[in-house]
Amino acid sequence: MEMKAPRVRLEPWSEGDLGLLRAGNAPELMTHLGGPETEDQLLARHHRYVTLSADRTGKGRMFRIVLLPDGEPVGNTGFWETTWQGQDVYETGWGVLGEFQGRGLAVAATKAVVERARAERKHRCLMAYPSVGNGASNAVCRKAGFELLGESDFEYPVGHMMRCNEWRLDLEAGLQADLAAGVEAEPEAGVEAE
């Protein structure tokens, strides 16, 4: 019997999502990210997410991941501008609450983020940098179609060095296929994915 892929919707991050960010700050969920953040760090990150979510200049977007059909918020994801090897690219990351992990939600949400980043038509590559010890996040990258480039040292959070895998996804490859097929960019409302 084949399992049906989970359905999620990405909704723009908003002021009301601070509780979701706090729930994702549990020690067991932050193991590969330098440990839980302080309240001040959480508030600063929440402000960055709200600001980025409202951006319309192509710098990126942040979203809450909503499980369908129930509409329950289960995590966050997004993409933002960064520089990789002297090239302007997007970077992505995600977090799914512990009780919802292992269901394929991060993969579905990451695939939806790929489409949102691709629709911006601004940068060629989308990068992800999970810790080499984070098997689940590395599996998300692989299942979402990223290419493993190798390992590197990465500072996250500031002052904390970690060994990461560098994953890259070519946004233009999918865009060219979409253009050839006459597919339009996703509408601005919530994006659903399986």
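Calculation rules
Within every chain, residues take consecutive numbers counted from 1 along the sequence as written. Side-chain atom pairs in this predicted model are given and counted only at pLDDT of 80 or more, local residue features only at pLDDT of at least 70, and totals for whole chains, interfaces and linings cover all residues. The side-chain values count all of the structure's non-hydrogen atoms but skip hydrogen atoms and water molecules. Aromatic rings from Phe, Tyr and Trp, with only the six-membered ring used for Trp, were paired whenever their centres fell within 6.5 Å, and each pair was classed as stacked if the ring planes differed by under 30 degrees, edge-to-face if by over 60, and tilted otherwise. Working definition: helices are DSSP H or I runs of at least four residues, strands are E runs of at least two. Numbering for both runs from the N terminus. Partly exposed describes any residue whose relative accessible area lies between the buried limit of under 20% and the exposed limit of over 50%, with all areas from a 1.4 Å probe on protein chains only and scaled to the type maximum.

Draft legend 1. Inspection of the packing of aromatic side chains at higher detail. Considering all chains together, one arrives at three aromatic pairs under this definition. Taken together, a centroid distance of 5.3 Å and an interplanar angle of 90° make the contact between W13 and Y49 edge-to-face. Taken together, the residues W13 in the loop between strand 1 (8-12) and helix 1 (18-23) and Y49 in helix 2 (residues 39-54) connect sequence positions 36 residues apart. Overall, Y49 belongs to the buried group, its relative accessible area being 13%. Each ring, one from Y129 and one from F154, has its centre 4.5 Å from the other, and the planes form 20°; the classification is stacked. Note that Y129 is positioned in the loop between strand 5 (125-128) and helix 4 (135-143) and F154 in strand 6 (residues 147-155), a separation of 25 residues in sequence. For Y129, a relative accessible area of 10% translates into the label buried.

Draft legend 2. Geometry of the environment of A112. Within the secondary structure layout, A112 lies in helix 3 (residues 105-120). Taking the relative accessible area as the measure of exposure, A112 reaches 3% and is therefore buried. When the C-alpha atoms of A112 and G78 are compared, they prove to be 9.5 Å apart, with 34 residues separating the residues in sequence.

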